[in-house]
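Residue-level listing of the chains:
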Amino acid sequence: MIWNSDTVQRVTKGNLTDSWEATGVSIDTRTLCPGDLFVAIQAERDGHDFVNHAFKKGASAALVAKVPNGFEEGGPLLIVHDVLTSLWDIAHFRRAETQAKIIALTGSVGKTSTKNMLRHTLSKQGKTHAAVKSYNNHLGVPLTLARMPIDTDYGVFEVGMNNPGEIAPLSQLIRPHVAIVTNVGPVHLEKFNSVEEIAIEKSQIFSGLEPDGKAIINADLPTASILVQAAEAQKAEVITFGTQLQTDWILKHTHQTPTSTQFEYVHKKRFGVVKLSATGEHFAWNALATLAAIHSVGADVALGGVDLGNWQPPVGRGVHITIHLDPWNPEQSFKLIDDSFNANPISLIAGLKVLALDTTASRRVAILSDMLELGPESNSIHAASAKDPVCQSISKFHCIGTGMKYFYDVLPLEKQGYWFATAEEMASQAHAVCKVGDTVLVKGSKGSKASVVAQKIKSMNLPSKLIS
């Protein structure tokens, strides 16, 4: 049991139709598990329309603002004035009663990977709670808190933003003992005038820090001083990571292969080595921030470093997959790097650098869809990305969308493959752009549907017992 009706009724001051106990909390009937409290959020669709379905799937109760139309009395209701406010109230209550060490993190890139690294490593050292997906907004953060068992040892929370003013209230809800800014870059420029403004918003992750809290900051960022000043204003202990000698956690000697990344680090004159089963220098940065956070909550850094070696990126964030075209001949295959979940100018170049590492490939092929939310400079940012030196190492580019047309047009003719307006059109040509011996990177913002292309390529896979 994670909640009971008496506690939630007291916290929300709602009207209860019957008593209940819940083993989880859900806002989506598609992922609801038996025993969950269903919270009828009104977002893109009104959760009240799904209360009957929630009970049919085994919900223990429903938190609602009204008795739904056509309610079949399939289970108890807790009727409140406002469902979202009540979800926040429940989250506040759980945060106040837990004794867990809490970590919050944000960044233009790296926050989800760092959150997953922390969940993976800390779970070996205590009961650890973190969102399964990127639940990092005004719905996802309180939902994740509401789902946290009271006896949790470590809680890890990702905080995102699209607009000014979003991070501070989430940080103040989470009340972290440790807060991390992984990176700051030209992301969400649609709503911000400069990278400096983005850094100011990211720095609000420190606004909710507990007394004697710790702020972990990437010292190599041009905007690091903005972050440090914000942390110091909260009287936080500032902990830095980066390549500079004066940082607290020094990144040294990163070595990458097509299947791994190894790096050395120095902390307080102590030397360490970590080998990740994932490719990309950006993963080394995320791992170093993870080690700093592990140390900051009093967990075992050496054990964390070992366990990082077993961490794998989730689907859509740099996973390497071998696609077999002939079940009787393992050599009839090519490699896919599925990085289709998100893209921005920083992560695009990082992804291309990973692709460029595979010198054994017959061709290094990039399939790229638009980077979104870049504001009025979007077209010029796309075009400038095509001029990065790493593009010289890529054999062929296939591009999707209006923004990527500007990228495509800057490329030398011999590197131009297909350009299509939509991902669906590109997916229809997957058989033509992927050939035996290739390594293929699929990269793009989630909203520009690069994942459609990645899924089409995965469907070409013909595994067999003959393939080891």
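Here the structure is shown first, and the text comes after it.
If you're wondering where the values come from, they're calculated on a predicted model, not measured in any experiment. (Residues numbered from 1 in each chain as written. Predicted model: local features only at pLDDT ≥ 70, side-chain atom pairs only at ≥ 80, totals over all residues. Heavy atoms only, no water.)

Trainee: Quick question: what am I supposed to make of the sheet that holds strand S6 (residues 61–64) here?
Mentor: As a general point, the strands of a sheet are linked pairwise by backbone hydrogen bonds and lie either parallel or antiparallel. If you trace the five strands from one edge of the open sheet to the other, you get S2-S7-S6-S5-S4, paired in mixed fashion. Every interior strand has two partners, whereas the edge strands, strand S2 (15–16) and strand S4 (24–26), have only one. Relative to S6, helix H3 (residues 83–97) is tilted by about 115°, and along the sheet it contacts strand S5 (36–39) and S6. (Pairing = 2+ DSSP bridges. Helix = DSSP H or I, 4+ residues; strand = E, 2+ residues; numbered from the N terminus. Contact = heavy atoms within 4.5 Å. Axes fitted to C-alpha atoms, helices over the stretch in contact; angles between N-to-C directions.)

Trainee: I keep staring at the pattern of salt bridges and nothing clicks. Help me out?
Mentor: Proximity of charged atoms lets side chains of opposite charge pair with each other. The final tally for this structure, using the stated rule, is 13 salt bridges. Where Asp151 meets Lys127, a salt bridge forms, and the shortest distance between an N and an O atom there is 2.8 Å. A residue pair is termed long-range when its members are at least 10 positions apart, and Asp151 in the loop between helix H5 (140–146) and strand S10 (154–158) and Lys127 in the loop between helix H4 (111–122) and strand S9 (128–130) qualify at 24 residues. By relative accessible area, which is 46% here, Asp151 ends up partly exposed. The shortest N-O distance in the salt bridge between Lys458 and Asp338 comes to 2.7 Å. Residue Lys458 is located in helix H16 (residues 450–458), and its partner Asp338 is located in strand S18 (residues 333–339); the two are separated by 120 residues in the primary sequence. We classify Asp338 as buried; its relative accessible area is 2%. If you follow the salt bridges from partner to partner, you end up with Arg95, Arg175 and Glu210 in one network. (Salt bridge = Lys/Arg side-chain N within 4 Å of Asp/Glu carboxyl O. Buried < 20%, exposed > 50% of the residue type's maximum accessible area, 1.4 Å probe, protein only.)

Trainee: What is the right way to look at the packing of helix H9 (residues 281–296) against helix H10 (residues 301–308) in this model?
Mentor: Contact pair H9 / H10: the axes reach a minimum separation of 9 Å and the direction vectors enclose 150°. Considering the angle they form, H9 stands roughly antiparallel to H10. Crossing handedness for the pair H9 and H10: right-handed. For the pair H9 and H10, the contacting residues are Ala287, Thr290, Leu291, Ile294 and His295 in the first and Val301, Gly304, Gly305 and Leu308 in the second. Of the residues that constitute the contact of H9 with H10, the class distribution is five nonpolar, four polar and no charged. (Parallel < 35°, antiparallel > 145°, perpendicular 65-115°, else oblique. Left-handed = near helix turned anticlockwise from the far one by under 90°. Nonpolar A, V, L, I, M, F, W, Y, C, P; charged D, E, K, R; others polar.)

Trainee: Before we go on, may I ask you to explain the side chain of Thr290 in this structure?
Mentor: Counting through the fold element by element, Thr290 comes out in helix H9. Residue classification places Thr290 among the buried residues on the basis of a relative accessible area of 0%. Apart from the residues lying within four places of it in its own chain, the contact partners of Thr290 are Thr114, Met117, Leu118, Thr121 and Leu308.

Trainee: How should I be thinking about unusual backbone geometry in this particular structure?
Mentor: Among all residues save glycine, negative phi is the norm, and among peptide bonds the norm is trans. Its identity as a non-glycine residue notwithstanding, Arg175 has a phi of 50°, on the positive side. By the element assignment, Arg175 lies in the loop between helix H6 (167–174) and strand S11 (178–181). With a relative accessible area of 28%, Arg175 lands in the partly exposed category. You will see that Lys449, though not glycine, has its phi angle at about 65°, which is positive. Structurally, Lys449 is set in the loop between strand S22 (439–443) and H16. Residue classification places Lys449 among the partly exposed residues on the basis of a relative accessible area of 42%.

Trainee: When you look at the pairing of strand S15 (residues 260–267) in this model, what are you seeing that I'm missing?
Mentor: Within a regular strand, the side chains alternate between the two sheet faces. Among the eight residues that make up S15, six are buried, leaving the element largely enclosed by the rest of the structure. As defined by bridge partners, strand S14 (residues 249–257) adjoins S15 across seven bridges and the pair is classed as antiparallel. For His255, the partnering residue across the bridge sits in S15 and is Gln262. Linking S14 to S15, which pair antiparallel, is a turn of two residues. The pairing of S15 with strand S16 (residues 270–276) spans seven bridges and is antiparallel. Across the sheet, His267 pairs through a bridge with Arg270, a residue of S16. Counting the residues in the hairpin turn of S15 and S16 gives two residues, including Lys268, whose phi is positive at 50°.

Trainee: Which parts of the structure should I look at to understand the pairing of strand S21 (residues 416–420)?
Mentor: One ladder, built from three bridges, connects strand S20 (residues 396–400) with S21; its direction is parallel. Along S21, the bridge assignment pairs Cys399 with Trp419.

Trainee: In this structure, what is going on with the nonpolar core? I would like to understand it.
Mentor: Membership of the largest hydrophobic core comes to 57 residues, with the highest contact counts inside it found for Ile205, Phe206, Leu352, Phe397 and Phe407. When residues in this core are grouped by element, the largest group, six residues, is from helix H11 (residues 345–357). Within the second largest apolar cluster, 35 residues are counted, among which are Leu105, Val178, Ala278 and Ala287. (Core = buried A, V, L, I, M, F, W, Y, C linked by side-chain atoms within 4.5 Å.)

Trainee: Explain the sheet that holds S15 to me, please; I cannot follow it from the model alone.
Mentor: Taken together, the nine strands give an open sheet; going across it, the order is S9-S10-S8-S11-S12-S13-S14-S15-S16, and neighbouring strands pair in mixed fashion. Only two strands of the sheet have a single neighbouring strand rather than two, namely S9 and S16. Strand-to-strand, the axes of this sheet are offset by a mean angle of 20°, without reference to chain direction. Against the sheet, helix H8 (residues 224–233) contacts S11, strand S12 (214–218) and strand S13 (237–242), and its axis sits at roughly 175° relative to S12.

Trainee: Before we go on, may I ask you to explain helix H12 (residues 378–385) in this structure?
Mentor: In an α-helix there are 3.6 residues to a turn, and that puts residues three or four apart on one side. Those residues of H12 that sit buried are Ser378, Ile381, His382, Ala383 and Ser385. In this fold, the buried residues of H12 make contact with H11 and helix H13 (402–410).

Trainee: Looking at this model, I keep getting lost on the packing of helix H1 (residues 5–12) against H3. Mind explaining?
Mentor: To describe two helices that pack against each other, one gives the angle between their axes and the distance between the axes. Running from amino to carboxyl end, H1 crosses H3 at an angle of 110°, the nearest separation of the two axes being 9 Å. Looking at the two axes, H1 sits roughly perpendicular to H3. The way H1 lies across H3 gives a crossing that is right-handed. On H3, the residues that touch Thr7, Val8, Arg10, Val11 and Thr12 of H1 are Ser86, Asp89, Ile90 and Phe93.

Trainee: What am I meant to see in the state of the cysteines here?
Mentor: Two cysteines whose sulfur atoms are joined by a covalent bond form what is called a disulfide. If you walk through the whole model with that rule in mind, you get zero disulfides. The thiol sulfur of Cys391 is not disulfide-bonded, and the nearest other cysteine sulfur, from Cys399, lies at 9.4 Å. Relative accessible area serves as the criterion here: at 3%, Cys391 is assigned to the buried category. Here Cys434 is not cross-linked by a disulfide; its sulfur's nearest cysteine counterpart is in Cys399, at 14 Å. By relative accessible area, which is 3% here, Cys434 ends up buried. (Disulfide = S-S within 2.5 Å.)

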